[in-house]
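# Coordinate inspection notes
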Amino acid sequence: MILRFPERLIDQLRSILRRNVWDILFCAVWAGAVYAGYHHLGWTAVAVTPAAITLLGAALAIFLGFRNNSAYDRWWEARKIWGGVVVVSRSFAALFIAVAEELDADVRRRVVYRHLAYINAVRVQLRERDEWDQVEAFLSADELIALADQRNKATQIAAAQTSELQRLKREGVLDGFEHKKLIELMHIMHDLQGKAERIKNTVFPAFYAYFTRLFLLLFVVVLPAGLVEEMAWRAIPLCVAISFVFMILEKTGRITEAPLEARSSGTPMNAICRTIEIDLRQMLGESEIPPSFPVKKTRHGTPYLD
């Protein structure tokens, strides 16, 4: 799912300025202080050669480019993982319901609901939020008791699902080929869960973030000193504009590198799980289907879908 900003340019600008007002003020005040010191107080020593600005800006651009590319790769991988969860979930439910037509409706419902419990458990564990009631709604009382002391509840739910599929094979409900295909889909789900956990548990290298912010601070501090001699007061708005571009690039990478967090730029796992729930419950022929999560506007106008 691609999140879009408000359509009107003025709304976009207003949102960006609100979120970064303190950074803009810092750049303006600092550039103004350098200008006043050089032109009114005679502090000519504050001026530096433009070559220093060029070298520092080039180093900063390299760090920002690498970090933002790596952060986007993490964001896009997370989105592909949850896109895979949608595909596998639909395939699993459609295949099971088709091959288990002679089973009691309660058994079909139990297996499909257990899968819904599994994907929601993965979501809750990744977000580390107290939303286990949304998982418990799909499980029986006996299954909830069995999960009470388990550390990785999502994995245990998947293990219970595998055990039931094996039982249905022994009872002759599933033949060897059908059982094999369903187990393969479960293996794919395990793989997707592991990939999502890898993103969650692998911290972005701290030294990249540290040196990027250090070079950014140095650049913002030195930039007015390199422009104030030739541009006088015009260096103030120019320093604000140039510094703001680099600050936005740094902030973009910092936010994007955590794609599984509950923010507007993160992967909308709640909405994805609800979409899967709607599809699977309709496959079961249920009539009481929950609504999709709507696209909401954040306080600053940015679309939010979680």
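A few points on the structure. As the structure is a prediction and not an experimental result, all values here were calculated from the model.

This part covers the overall build of the protein chain. On a plain count of helices and strands, the protein chain comes out with eleven helices and two strands. Its C-alpha atoms give the protein chain a radius of gyration of 27 Å, clearly above 19 Å, the size a compact globule of 306 residues would have. Counting every position in the protein chain, which comprises 306 residues, the buried fraction comes to 42%. Summed over all atoms, the accessible surface of the protein chain reaches about 16,600 Å², with 61% contributed by carbon and sulfur.

What follows concerns empty space enclosed by the protein. Under the defined criterion, the tally for this structure stands at two cavities of 30 Å³ or more. In this model, the largest cavity occupies a volume close to 50 Å³. In terms of lining residues, the largest cavity is bounded by Ile81, Trp82, Val85, Tyr118, Ile119, Val122, Met189, Leu192, Gln193 and Ala196. Elements that contribute at least two residues to the lining of the largest cavity include exactly α3 (50-99), α4 (105-127) and α8 (176-201). Looking at the lining of the largest cavity, the element that brings in the most residues is α8, giving four residues. For the lining of the largest cavity, the residue count by class is nine nonpolar, one polar and no charged.

This part covers the pattern of salt bridges. By the definition in use, this model includes 21 salt bridges. The salt bridge involving aspartate 279 is made with arginine 90; its shortest N-O contact spans 2.8 Å. Placement of the pair is aspartate 279 in helix α11 (residues 269-283) and arginine 90 in helix α3, with a sequence separation of 189 residues. Glutamate 184 serves as the salt-bridge partner of lysine 181, at 3.5 Å between the closest nitrogen and oxygen.

Using a probe with the size of a water molecule, rolled over the atoms, empty space left in the structure can be pinpointed. Here the second largest pocket is characterised by a volume of approximately 240 Å³. Together, Asp23, Phe26, Arg213, Leu214, Leu216, Leu217, Val220, Met247, Glu250, Lys251 and Arg254 line the second largest pocket. Those elements that provide at least two residues to the lining of the second largest pocket are α2 (21-39), α9 (206-231) and α10 (235-256). In terms of residues, the lining of the second largest pocket owes the most to one element, α9, which gives five residues. Looking at the lining of the second largest pocket residue by residue, the classes come out as six nonpolar, no polar and five charged.

Next up on the list: the packing of aromatic side chains. Applying the stated criterion to the full structure yields eight aromatic pairs. Both rings, one in tryptophan 75 and one in tryptophan 76, keep their centres 6.1 Å apart while their planes meet at 25°; by these two values the pair is stacked. Ring plane angle 40° and centroid distance 6.2 Å describe the contact between phenylalanine 211 and phenylalanine 215, whose orientation is recorded as tilted. Highlighted residues: phenylalanine 211 and phenylalanine 215, both in helix α9, separated by four residues, approximately one helical turn.

Given a rise of 1.5 Å per residue, 26 residues ought to cover 38 Å, and the 37 Å separating the end C-alpha atoms of α9 matches this to within 8%. At valine 222, α9 shows its largest bend, some 30°, and a proline, proline 224, comes one to four positions later. Listed as buried for α9 are Ala209, Thr212, Phe215, Leu216, Phe219, Val220, Leu223, Pro224, Ala225, Gly226, Leu227 and Val228. In this structure, the buried side of α9 is in contact with α2, α3 and α10.

Judged by nonpolar contacts, the single largest core of 50 residues is most densely connected at Trp82, Phe96, Tyr118, Ile119, Ile157, Leu165 and Ile276. Elements that contribute at least two residues to this core include exactly α3, α4, α7 (153-170), α8 and α11. Counting residues per element, this core draws most heavily on α4, at twelve residues. When neighbours within four sequence positions are excluded, phenylalanine 96 is seen to be in contact with Leu103, Arg108, Val111, Leu165, Leu168 and Leu182. If you look at the next biggest cluster of nonpolar residues, it comprises 17 residues, including Ile53, Phe219, Leu227 and Ala235.

Backbone geometry at glutamate 128 places phi at a positive 55°, although glycine is not the residue there. Looking at where glutamate 128 falls in the secondary structure, it is placed in the loop between α4 and α5 (133-136).

Running from N to C, α4 and α11 point in directions that differ by 180°, and their axes come no closer than 10 Å. It follows from the interaxial angle that α4 and α11 lie roughly antiparallel. Along the contact surface, α4 presents Val112, Tyr113, His115, Leu116, Ile119, Asn120, Arg123, Leu126 and Arg127, while α11 presents Met269, Asn270, Cys273, Ile276, Glu277, Leu280 and Arg281. Broken down by class, the residue content of the contact of α4 with α11 amounts to nine nonpolar, three polar and four charged.

Moving on: the environment of lysine 153. Among the structural elements, lysine 153 can be located in helix α7. Once the C-alpha coordinates of lysine 153 and alanine 258 are considered, the two residues, 105 residues apart in sequence, prove to be 23 Å apart. In contact with lysine 153, other than residues within four places in its own chain, are Gln125, Trp132, Leu147 and Ala148.

Calculation rules
- Residues numbered from 1 in each chain as written.
- Predicted model: local features only at pLDDT ≥ 70, side-chain atom pairs only at ≥ 80, totals over all residues.
- Heavy atoms only, no water.
- Helix = DSSP H or I, 4+ residues; strand = E, 2+ residues; numbered from the N terminus.
- Rg over C-alpha atoms; globule rule 2.2 N^0.38 Å.
- Buried < 20%, exposed > 50% of the residue type's maximum accessible area, 1.4 Å probe, protein only.
- Areas by Shrake-Rupley, 256 points an atom, 1.4 Å probe, with all protein chains shown as cover.
- 1 Å grid on protein atoms, 1.4 Å probe; cavity = no way out; pocket = protein on both sides within 12 Å on 5 of 7 lines; lining within 4 Å.
- Points joined across faces, edges and corners; volume = space filled by probe spheres on them.
- Nonpolar A, V, L, I, M, F, W, Y, C, P; charged D, E, K, R; others polar.
- Salt bridge = Lys/Arg side-chain N within 4 Å of Asp/Glu carboxyl O.
- Phe/Tyr/Trp six-rings, centres within 6.5 Å; stacked < 30°, edge-to-face > 60°.
- Expected span 1.5 Å × (residues − 1).
- Bend = angle between axes of the 7 residues up to and from the residue.
- Contact = heavy atoms within 4.5 Å.
- Core = buried A, V, L, I, M, F, W, Y, C linked by side-chain atoms within 4.5 Å.
- Axes fitted to C-alpha atoms, helices over the stretch in contact; angles between N-to-C directions.
- Parallel < 35°, antiparallel > 145°, perpendicular 65-115°, else oblique.

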